[in-house]
Amino acid sequence: MSHITLAQQGLAAVEAQKWEEGLGKLSRALQSSSNPAWLIARSKALIHLKRFQEALDDGDRAWHAAYERNKRPLMVEAHYRRAVAYFRLGQHANADCCCIYAMRLIKGSSAVEKADPKDANVDDRGYWTPTLQDAMEEGKADSYNQSDRVGDMSLGMKREGSQAQVGEWRLASTLRMQILRAMESLPQEDEARRPTTTLVPEKKAPAGIVHALTKAEQMKAEEKKAAAATAPTAAKPAVPSDTPLRVQEFQSNVDMSVSIFSKGNTNEKLTVSFLPAAVELDHIVYPSGQEKPFRLDLWGEIDAAKSGYTVTPNKVELRLAKKMAGKWPQLRKEENREAGGPTQGKQAGSSSSAVAANPSTVDSSKATVGGAVDQGAAHAYPSSHRQKVAKDWEKIEAEDEEEGKDVNDFFRTLYKGATPDQQRAMKKSFLESNGTSLSTDWNDVKSREVQVVPPRGVEPKKWSQ
């Protein structure tokens, strides 16, 4: 069988998501020719087989092979495959950087620019500076994202014309948002925030052959994994018992979403009580592994009946319905700041906007990072003190509309940039779950009905016409 026939069969297998079959046939074909399209397809197969470093190597090889053949569209796809591999390897800055390389190439930039675009996106210490907000604003403003020419938006298909370019740009832009959203949770000096990749990838050895694991190799790998799991391991350093829980919040005018990062909780063991101005959790797992009560005294009052929570493997998510509409300058009451540790993470439209709107209510010498106000700062809301300046309710309503617009724009971008299978999965999961679940995995949802997953304490009802 010729290497051309093997490659065609390998490409068809990858398209059908038969990853191991595609990997084996493409590897044999690549022994005879370093075709960039074959390398891109093999990189995709390796990603799905969780062999991320090998997938990155193929993405680098594909770029060089496409550059030598002057195949600009394949160079774009190679940068995109590099971005996916870097993201799966946990190298967020490198992943976002490769997305930018692909998007600039689509827009007509030189394949090898005089100045690496990476250099304009790092600070003086070498850390990545772009944020999710930057990517969302770019996506909304760019002409490629305002085009009505949608069509098939998946990478990896040979097409000609501006419609293909629009789809590829949108897909890379959507991946950027996923990467930057994940980067937000990283510590400021995490090494994943420091880019090390370059516009011209490192030139790797010839592709050679990458074998798919045989059944015997799979069994041997599983036995080795099981033996490693039972082998004695070095004891992990103990976490101090007074280490506080990490809390992150996000708010709109009508509710407050709070994430309490804690592993090992279950619905059966955890009890959450919503009070008029506080939330009590009994018992929650602290970083030290101890199970202790946790109380969150809130800055404002909530509607306990409309509030709820969700327990996930890594955190407890609270949904707090505000008693009165409006922004809170912070999540906690002042006296509770030591009980659970300082609030971490960035608030979107939270305390920073409230302080900016009424600077006279805050002593700037006592403000803390993240918009939280230290003890001594006066409350702007709620208060028994009669304010001299009346609230501008039209402005508050405009803020609500603007927030809703941002969210709708994001999901519109996500949908337009998705593949046809992803779009079908999003429609089916959203409609069948009555808006409580959203999936982009068509293989997961196509043969089952997506169940309604209401918030805890809410009972779904079927409406009859």
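No experiment lies behind these values; they were computed from the predicted model shown.

Things to note about the packing of helix 4 (residues 52-68) against helix 5 (residues 72-88)
Thinking step 1. Axis separation between helix 4 and helix 5 bottoms out at 8 Å; the angle between their running directions is 165°. One element, helix 4, and the other, helix 5, form an angle in the roughly antiparallel class. At the point where helix 4 passes helix 5, the crossing takes the left-handed sense. Residues Phe 52, Ala 55, Leu 56, Gly 59, Asp 60, Ala 62, Trp 63, Ala 66 and Tyr 67 of helix 4 lie in contact with helix 5, whose contacting residues are Leu 74, Met 75, Ala 78, His 79, Arg 82, Ala 85, Tyr 86 and Arg 88.
Thinking step 2. Broken down by class, the residue content of the contact of helix 4 with helix 5 amounts to twelve nonpolar, two polar and three charged.

Some points on the packing of aromatic side chains
Thinking step 1. Inspection of every chain in the model, using the stated rule, returns three aromatic pairs.
Thinking step 2. Ring centres of Trp 63 and Tyr 67 lie 5.0 Å apart, and the angle between their planes is 10°; on these two criteria the pair is classed as stacked. One end of the pair is Trp 63 and the other is Tyr 67, both in helix 4 and four residues apart, which spans about a single turn.
Thinking step 3. Here Trp 299 and Trp 328 contribute two aromatic rings whose centre-to-centre distance is 6.4 Å and whose plane-to-plane angle is 50°, an arrangement assigned as tilted. In this pair, Trp 299 is assigned in the loop between strand 5 (291-297) and strand 6 (308-311) and Trp 328 in the loop between strand 7 (315-321) and helix 10 (337-340), connecting sequence segments 29 residues apart. Like Trp 299, the residue Trp 328 is buried in the burial classification.
Thinking step 4. A cation over an aromatic ring shows up here: Arg 246 above the ring of Phe 261, its NZ or CZ 3.8 Å from the ring centre.

A word on the side chain of Asp 96
Thinking step 1. Inspection of the secondary structure assignment puts Asp 96 in helix 6 (residues 92-106).
Thinking step 2. With residues up to four places along the chain from it excluded, the contact list for Asp 96 reads Trp 128, Pro 130, Arg 176, Ile 179 and Leu 180.

Describing unusual backbone geometry
Thinking step 1. That bond from Asp 282 to His 283 is cis: its omega, -15°, falls within 30 degrees of zero.
Thinking step 2. Relative to the helices and strands, His 283 is located in strand 4 (residues 278-285).
Thinking step 3. For Gln 17, which is not a glycine, the phi torsion comes out positive at approximately 65°.
Thinking step 4. Its place among the elements puts Gln 17 in the loop between helix 1 (3-15) and helix 2 (19-30).
Thinking step 5. A relative accessible area of 38% means that Gln 17 is categorised as partly exposed.
Thinking step 6. Backbone geometry places Asn 70, a non-glycine residue, at a positive phi of 60°.
Thinking step 7. The topology assignment puts Asn 70 in the loop between helix 4 and helix 5.

Things to note about the packing of helix 3 (residues 36-48) against helix 4
Thinking step 1. Between helix 3 and helix 4, the shortest axis-to-axis distance is 8 Å and the interhelical angle comes to 165°. Between helix 3 and helix 4, the crossing angle belongs to the class labelled roughly antiparallel. The way helix 3 lies across helix 4 gives a crossing that is left-handed. Residues Pro 36, Leu 39, Ile 40, Arg 42, Ser 43, Leu 46 and Ile 47 of helix 3 lie in contact with helix 4, whose contacting residues are Phe 52, Glu 54, Ala 55, Asp 58, Gly 59, Arg 61, Ala 62, Ala 65 and Ala 66.
Thinking step 2. Its residues placed into classes, the contact of helix 3 with helix 4 shows ten nonpolar, two polar and four charged.

Thoughts on the nonpolar core
Thinking step 1. Ranked by internal contacts, the top residues of the largest apolar core, which has 61 residues, are Trp 38, Trp 128 and Leu 175.
Thinking step 2. Sort the elements by how many residues they give to this core and helix 6 lands first, with eleven residues.
Thinking step 3. With near-sequence residues (within four places) excluded, Leu 175 lies in contact with Tyr 80, Ala 83, Val 84, Phe 87 and Cys 99.
Thinking step 4. Judged by nonpolar contacts, the second largest core, of 24 residues, contains Leu 245, Leu 270, Val 272 and Ile 302.

Parameters at a glance
- Residues numbered from 1 in each chain as written.
- Predicted model: local features only at pLDDT ≥ 70, side-chain atom pairs only at ≥ 80, totals over all residues.
- Heavy atoms only, no water.
- Axes fitted to C-alpha atoms, helices over the stretch in contact; angles between N-to-C directions.
- Helix = DSSP H or I, 4+ residues; strand = E, 2+ residues; numbered from the N terminus.
- Parallel < 35°, antiparallel > 145°, perpendicular 65-115°, else oblique.
- Left-handed = near helix turned anticlockwise from the far one by under 90°.
- Contact = heavy atoms within 4.5 Å.
- Nonpolar A, V, L, I, M, F, W, Y, C, P; charged D, E, K, R; others polar.
- Phe/Tyr/Trp six-rings, centres within 6.5 Å; stacked < 30°, edge-to-face > 60°.
- Buried < 20%, exposed > 50% of the residue type's maximum accessible area, 1.4 Å probe, protein only.
- Lys NZ or Arg CZ within 6 Å of the ring centre and 35° of its normal.
- Core = buried A, V, L, I, M, F, W, Y, C linked by side-chain atoms within 4.5 Å.

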